[in-house]
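A closer look at the structure
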Amino acid sequence: MCIRDRVWLARRLAHGPGDAPGLLALATLAVLVLRRRHALLASPRLAWLLLALAGTVLATATRGALPALLSGLISMLALACGLLAFLPAHGAQRVPALPVVGLAVLALPRLSSLPCHAGEPLRRLTAEAGRWLLAPFFTVLREGGTLLVDGRMVIVDAPCSGVPMAWLGGVTACAAALWARRDGRDFLARLPLAGLLVLLGEVLRNSLPVAAEGAGHALAPWAHQALGLLLPALVCGGVACAMAHGRRAPLHGGRHA
């Protein structure tokens, strides 16, 4: 990763609390390397090392020609390849590749506009799911990402689009998959359930305050904040269980340290 990319990443990480999952993903990678430091390969795997070199060259060569987010993504993929070149792929300390790549991508700081643009489909999906959830109790209409509940307009805005919770759920899924040593196929097979849990959590987080207000018992500010903390915690717990449920992948070639 070139120096300018490092500066850009550092500035984005310091941008605000919206990039907290990126810091969490970086911390998870750091803990992984720390725990596997005695098992790091003295002779790195050539294929991963070449991919890391190619990614670094490409990110440097396209700096300024590509959007900063895309250039940063190439840099983070190069970082993941560099890590995988030294992380063990066999034996008791083996590290599955796909969760490492996932964490590197999720560690990329989001641009401030990402929840607005990438979150637009999720806003509509969340609003539609909320409409179905509230329809048995209220008169609910949906237009785009806006709900009309008993004549009151409720907007599913960018922070409620589901992008932040999906980001956090992705970090949790990758970390749990690393702990359970899920291979790529097993990891991908469990991702749809993790995504469903994220969607359900976001729908509940948007719908429950509206339902309480419609029933004449509007949530106090502290209760609203508590709900905003509790549901992501429950979602992350569910995602971790979905990834770690069942037997951990067997160890080969040695005793687990």
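1. Notes on the overall build of the protein
Each helix and strand in the protein was counted, giving 10 helices and 3 strands. Here the protein holds 257 residues, and the buried ones make up 40% of them. Once local pairs closer than 6 in sequence are excluded, the contacts in the protein between residues at least 24 apart make up 77%.

2. Observations regarding the nonpolar core
Judged by nonpolar contacts, the single largest core of 28 residues is most densely connected at Val100 and Leu103. Mapped onto this core, the elements with two or more residues apiece are α2 (20–35), α4 (68–86), α5 (97–106), α8 (163–180), α9 (184–214) and α10 (221–244). Every residue in contact with Leu103, bar those within four places of it in the chain, is listed here: Ala25, Thr28, Leu29, Val171, Cys174 and Leu178. Core analysis: the next-biggest nonpolar cluster, separate from the first, contains 7 residues, Ala127, Leu134, Phe138 and Val140 among them.

3. Side note on unusual backbone geometry
Despite not being glycine, Arg181 shows a phi value in the positive range, around 55 degrees. Here Arg181 is to be found in the loop between α8 and α9.

4. Thoughts on the environment of Ala223
With respect to the helices and strands, Ala223 occurs in helix α10. Placed 14 residues apart in sequence, Ala223 and Pro209 show a C-alpha to C-alpha distance of 9.3 Å.

5. With respect to the pattern of salt bridges
Here the structure, examined in full by the defined rule, presents 3 salt bridges. One salt bridge connects Arg182 with Asp186, and the closest N-O pair in it is separated by 3.2 Å. Take Asp186: its relative accessible area is 24%, and that puts it in the partly exposed class. Across the pair Arg190 and Asp186 runs a salt bridge, and its minimum N-O distance is 3.0 Å. Placement of the pair is Arg190 and Asp186 together in helix α9, with a separation of 4 residues, close to one helical turn.

6. Quick look at α4
With 19 residues, α4 extends 28 Å from end C-alpha to end C-alpha; this agrees with the ideal 27 Å at 1.5 Å per step. Listed as buried for α4 are Ser71, Gly72, Ile74, Ser75, Met76, Ala78, Ala80, Cys81, Gly82, Leu84 and Ala85.

7. Thoughts on the confidence of the model for the protein
Across the protein, pLDDT averages 78, with 75% of residues at or above 70. Note on residues 12–18: pLDDT is under 50 here. Beyond four places in sequence and across chains, it has 13 contacts.

8. A few points about the environment of Val163
Relative to the helices and strands, Val163 resides in helix α8. Spatially, the C-alpha atoms of Val163 and Val198 are 9.5 Å apart, while their sequence positions differ by 35 residues.

9. Observations regarding the packing of α5 against α8
For the pair α5 and α8, interaxial distance at closest approach is 9 Å and the crossing angle is 150 degrees. With respect to their mutual orientation, α5 and α8 come out roughly antiparallel. Of the two elements, α5 crosses α8, and the hand of that crossing is left-handed. Between α5, through Pro99, Val100, Gly102, Leu103, Val105 and Leu106, and α8, the contact on the second element is made entirely by Trp167, Gly170, Val171, Cys174, Ala177 and Leu178. Per-class residue counts for the contact of α5 with α8 are 10 nonpolar, 2 polar and no charged.

10. Thoughts on α5
Taken residue by residue, α5 has Pro99, Val100, Leu103, Ala104 and Leu106 as its buried positions. The arc that holds every buried residue of α5, seen down its axis, measures 165 degrees, which confines them to one face.

11. Describing the packing of α4 against α5
Packing of α4 against α5 brings their axes to within 8 Å, and their N-to-C directions diverge by 145 degrees. Note on packing geometry: the crossing formed by α4 with α5 is right-handed. Side by side, α4 and α5 meet where Leu73, Met76, Leu77, Ala80 and Leu84 of the first sit next to Ala97, Val100, Val101, Ala104 and Val105 of the second. Among the residues forming the contact of α4 with α5, the class breakdown is 10 nonpolar, no polar and no charged.

Rules and cut-offs
Every chain begins its residue count from 1, and numbering advances along the sequence as written. With the structure being a predicted model, the display of local features is reserved for residues of pLDDT at least 70 and the display and counting of side-chain atom pairs for 80 or more, all residues being used for whole-chain, interface and lining totals. Note that water and hydrogens are dropped before the side-chain values are worked out from all heavy atoms of the structure. Numbering of helices and strands runs from the N terminus; a helix is a DSSP stretch of H or I covering at least four residues, while a strand is a stretch of E covering at least two. Exposure categories follow from relative accessible area, calculated using a 1.4 Å probe and restricted to protein chains: below 20% of the type maximum is buried, above 50% is exposed, and the middle band is partly exposed. We call two residues in contact when some of their heavy atoms are within 4.5 Å. Buried Ala, Val, Leu, Ile, Met, Phe, Trp, Tyr and Cys residues form a nonpolar core when they are joined through side-chain atoms within 4.5 Å. Criterion for a salt bridge: a side-chain nitrogen of Lys or Arg within 4 Å of a carboxyl oxygen of Asp or Glu. Helix span, as expected, comes to 1.5 Å for every residue beyond the first. Across the chain, each position has a pLDDT score giving the predictor's confidence in that residue, from 0 to 100. For helices, the fitted line uses only the C-alpha atoms of the stretch in contact; every axis is such a line through C-alpha atoms, and the angle between N-to-C directions lies from 0 to 180 degrees. Each angle gets one of four labels, with under 35 degrees taken as roughly parallel, over 145 as roughly antiparallel, 65 to 115 as roughly perpendicular, and the rest as oblique. By convention, the crossing between two helices is left-handed when the near helix turns anticlockwise from the far helix through less than a right angle, and right-handed when the turn is clockwise. Amino acids outside the nonpolar list (Ala, Val, Leu, Ile, Met, Phe, Trp, Tyr, Cys, Pro) and the charged list (Asp, Glu, Lys, Arg) are all regarded as polar, and Gly is one of them. Here, the arc refers to the directions that run from the helix axis to the C-beta atoms.

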